[in-house]
Structures are given as structure tokens and as C-alpha cells.
Amino acid sequence: MANPYSGNAPPLVQPAQETADPVIRRIGLSDLHAALRLGWEDFKAVPSHAIILCVIYPVLGLALARAVLGYSVLPLLFPLAAGFALLGPFAALGLYELSRRRELGEEASAWNALDVFASPSFGAMLGLGTLLLALFVIWIAVAQAIYVAAFGYASAAEIPDFIRRVLTTPQGWWLIVVGCGVGFLFALLALCISVVSFPLMLDRHATTGEAMVTSLRVVAANPVAMAAWGLIVAALLVAGSIPLFLGLAIVVPLLGHATWHLYRKVIAPDPYQRPVPPRAPRQKRPAADFPANLFPWRRKDSA
């Protein structure tokens, strides 16, 4: 029997198209330069967010340096500074939101960066951020183990003593080679699973697994460009850390904005993407109703 509604029925392939994997583009070094340039434009357009979002980085860096010097764990200063590369993609969530709003022609101020907490995929972002934090903790533990293997448990008393031991002894050169090699593996893992993960979750509300798989596909499709991007990120973070971490107040927002534009260049637009409706405003209730506010279904049943 013929289907009387066949003329109105949507094509059977439509749901598959709507859930298709993101299309990966091939990019070159010129695209990386363009992403950095656009990121710098975003930073100049919304400079006030550096105070609210990124002042924590130099402050944290100075605090870490003081803690390291004060508690005689000076060898961990470099691993802690290098750990910014592992946590940076998650810490820049608000910067992605600012770049997204500017791209859409919407208002973009420092306070708008907090809108990322209202994203439907914030839970997925938090999950991947927790994974990166665990990776950071493991890296610190491994770095400490490498130092102990080289010099034992005796810590350096002062910075000149530490520099002399690292640069003028065979154990120091072994520490540099092994530490940098292991650190490279940690940074490579973080890059592979997060290079476009957070922008993808913010833009398309992908799950943590989908975002990580897409990032792996991006790296596999653009190995040279992604390797160059990793070197650029490492070089800028090192440059920002040298002047007592103060340069991170510029480097971190620049890289955050640039990562959003890198995502736009390497991931093709989704033709089936639909905007997420805004959340309904929360109804204000008197403070006297506080216990009842915890059980909204009870109010519905009694109404």
C-alpha cells in the first residue's frame, strides 16, 4: 500500500546528516598566523578581561615561585610553569566565549565571559578539565621522581646552587634530557585531546568523548600544522613566564582567542546546527520559602 504521506515525509538520511561527525579541514602555517592575528584583534577589542580573567596567572605564578622557594622544592618550579600548557585549554573557556560573541556581532565584555557557565555543555567541559588537571598532577609527580632519580632527596639550597647542579653535572644534563622528553609526551597528549575540544563543546555542545575524538582527528589530519601550533604555544608560554610570569597576562588571552579562531579554520561549519534557546529567567522567591524552594515538585502537587 502506498504511503499517503510520502510526499511530506523527510528524507531518511536527514537524521544521519544532522549527527554527522565534524568535517576536518587541512590547514597550513598561514592559517596559524591568521589565527594568532585574529586572536590579537580580539584581545585588543576586549582588553579589560585581562584584569578579571587572567590576572590570576601572574599572581598564581608568583605564589607558586614563593612557595617553591620557601619550602625548598625549587626543582618543581619549572614543571609547575610548564604545567600551564596542560591546564591552559580549560582555563581559557571564558576567552572562547568572548571570541564567539565577537564573531556573531554580539556584545563582548569581561562579564560576558562568565556566560560559559550557562552553556549546556559546561558539564562536559568540566569533565575534560578534570582530566587535564589529573594529567597535570601526574606530570608534577613524575617530574619530582625524575629529579630524585638524578640528585636524590637532597634539595638545592638556593637558585645559584640549583642552576650549577643542573648545568654543570652529568646528572643535571640527564635531568634536562629526560625531563624535557617526558614533559613533551605529556604536552603532546594534552594537545591531541584538547586542541579543539573546548571550542567544539562550546559551539556544538559535543560530549567529552566526541570532542576528544575530533581533536585526535584534527591532529591526525594536520600533523605538521599541529606540531607547529604546539611549538608556538610552548614558546609563548615560556616567553610569558620568564618575567616573573607577568607576561602570561597577555600570552594566555592571546592563545585563548587564537585557539577559537584555529577551531574555526580547521572545523568546517555545521549546516544543521540549531541555536540553543536561552534559559528561562529564574523566578525570585521570598527568603521565607527557602525550605520549600528545595522541593519544587511539592509546590506543584499541592497547587
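Everything quoted here is computed from the prediction, not taken from an experiment. Throughout this document, residue positions are counted from 1 along each chain, in the order its sequence is written. Predicted model: local features are reported for residues with pLDDT of at least 70 only, side-chain atom pairs are reported and counted for 80 or more only, and whole-chain, interface and lining totals are derived from all residues. Hydrogens and waters are ignored; side-chain quantities use all the structure's heavy atoms.

An axis is simply a line fitted to the C-alpha atoms; with a helix, the fit covers only the stretch in contact. Between two such axes, the angle follows the N-to-C directions and lies from 0 to 180 degrees. Labels follow the DSSP assignment, with helices taken as runs of H or I lasting at least four residues and strands as runs of E lasting at least two, numbered in each case from the N terminus. Between helix H11 (residues 197-204) and helix H12 (residues 208-221), the shortest axis-to-axis distance is 8 Å and the interhelical angle comes to 130°. By the angle between their directions, the pair H11 and H12 is classed as oblique. Crossing hand, H11 versus H12: right-handed. Here Ser197, Leu200 and Met201 of H11 lie close against H12, whose contacting residues are Thr208, Glu210, Ala211, Met212, Thr214 and Ser215. Ten residue types, Ala, Val, Leu, Ile, Met, Phe, Trp, Tyr, Cys and Pro, are classed as nonpolar, four, Asp, Glu, Lys and Arg, as charged, and the remainder, Gly among them, as polar. Of the residues in the contact of H11 with H12, the class split is four nonpolar, four polar and one charged. Any angle that is under 35 degrees is reported as roughly parallel, and any over 145 degrees as roughly antiparallel; angles of 65 to 115 degrees are reported as roughly perpendicular and all others as oblique. For any helix crossing, the convention is left-handed if the near helix is rotated counterclockwise from the far helix by under a right angle, and right-handed if that rotation is clockwise. We call two residues contacting when some pair of their heavy atoms lies within 4.5 Å.

With that settled, the discussion passes to the side chain of glutamate 97. One can find glutamate 97 in helix H7 (residues 93-103). Pairs of N or O atoms are called polar contacts if they sit within 3.5 Å, as long as, within protein, a hydrogen donor faces a hydrogen acceptor (for residues adjacent in sequence, only side-chain-to-side-chain pairs). Here the side chain of glutamate 97 touches arginine 100 through a polar contact of 2.9 Å, side chain to side chain. If sequence neighbours within four positions are ignored, glutamate 97 has contacts with Asn112, Ala113, Asp115, Val116 and Leu202.

On to the packing of aromatic side chains, then. Ring pairs are drawn from Phe, Tyr and Trp, using the six-membered ring of Trp, whenever the two centres fall within 6.5 Å, and their geometry is named by plane angle: stacked under 30 degrees, edge-to-face over 60, tilted for the rest. Scanning the entire structure with this criterion turns up six aromatic pairs. Taking the centre distance of 5.3 Å and the plane angle of 35° together, the rings of tryptophan 40 and phenylalanine 43 count as tilted. Of this pair, tryptophan 40 and phenylalanine 43 are both found in helix H2 (residues 29-45), three residues apart, which corresponds to roughly one turn of the helix. A relative accessible area of 36% places tryptophan 40 in the partly exposed class. Exposure categories follow from relative accessible area, calculated using a 1.4 Å probe and restricted to protein chains: below 20% of the type maximum is buried, above 50% is exposed, and the middle band is partly exposed. With relative accessibility at 10%, the residue phenylalanine 43 sits in the buried group.

Turning to helix H8 (residues 122-151), a few remarks are in order. An α-helix turns once per 3.6 residues; consequently, residues spaced three or four apart project the same way. One less than the number of residues in a helix, times 1.5 Å, gives the span that helix is expected to have. Helix length check: H8 (30 residues) gives 43 Å between terminal C-alpha atoms against 44 Å at 1.5 Å per residue, within 8%. Two residues or fewer after H8 comes glycine 152, characterised by a positive phi angle close to 80°.

Our next topic: the pattern of salt bridges. Only one rule defines a salt bridge in this text: a Lys or Arg side-chain nitrogen within 4 Å of an Asp or Glu carboxyl oxygen. Inspection of every chain in the model, using the stated rule, returns eight salt bridges. With a shortest N-O distance of 2.7 Å, arginine 264 and glutamate 103 are connected by a salt bridge. Of this pair, arginine 264 sits in helix H14 (residues 248-266) while glutamate 103 sits in helix H7; the two residues are 161 residues apart in sequence, bridging distant segments of the chain. Residue class for arginine 264 comes out partly exposed when judged on its relative accessible area of 25%. Among the ionic contacts, a cluster of salt bridges with common partners joins Glu97, Arg100, Arg101, Glu106 and Asp115.

A surface patch of nonpolar side chains, about 360 Å² in accessible area, is lined by Trp111, Leu114 and Phe117. Within the fold, leucine 114 resides in the loop between H7 and H8. By relative accessible area, which is 37% here, leucine 114 ends up partly exposed. Exposure above 30% relative accessible area and the lack of any salt bridge qualify a residue for a patch; like charges then connect within 9 Å, and the nonpolar side chains Val, Leu, Ile, Met, Phe, Trp and Tyr within 5 Å. For accessible areas, the Shrake-Rupley method is used with a probe of radius 1.4 Å. Any residue's cover is judged against the shown protein chains and nothing else.

Before going further, it helps to examine the nonpolar core. Counting 56 residues, the largest nonpolar core has Val195 and Trp229 as its most contacted members. Among the elements that line this core, the one with the most residues is H8, at 10 residues. What valine 195 contacts, discounting residues up to four positions off in sequence, is Ala190, Ser215, Val218, Val219, Met226, Trp229, Thr259 and Leu262. Membership of the second largest hydrophobic core comes to seven residues, among which are Ile146, Tyr147, Ala150 and Phe162. Residue types Ala, Val, Leu, Ile, Met, Phe, Trp, Tyr and Cys, when buried and joined through side-chain atoms within 4.5 Å, form a set referred to as a nonpolar core.

All right, on to the confidence of the model for the protein chain then. Residue-level confidence of the predictor is summarised by pLDDT, bounded by 0 at the bottom and 100 at the top. Confidence in the prediction of the protein chain, expressed as mean pLDDT, is 77, and 71% of residues score 70 or more. Ranking the helices and strands of the protein chain by mean pLDDT puts H12 first, with 94, and helix H1 (residues 14-18) last, with 43. Across residues 1-18 the pLDDT falls below 50, and counting only partners more than four positions away or on other chains, this stretch makes four contacts in the model. Taken as a whole, residues 293-303 scores under 50 in pLDDT and shows five contacts with residues more than four places along the chain or in a different chain.

Packing of H11 against H14 leaves a shortest axis separation of 9 Å and a crossing angle of 75°. By the angle between their directions, the pair H11 and H14 is classed as roughly perpendicular. Touching Pro199, Leu200, Leu202, Asp203 and Arg204 of H11 are Thr259, Trp260, Tyr263 and Arg264, all from H14. Class assignment for the residues of the contact of H11 with H14 results in five nonpolar, one polar and three charged.

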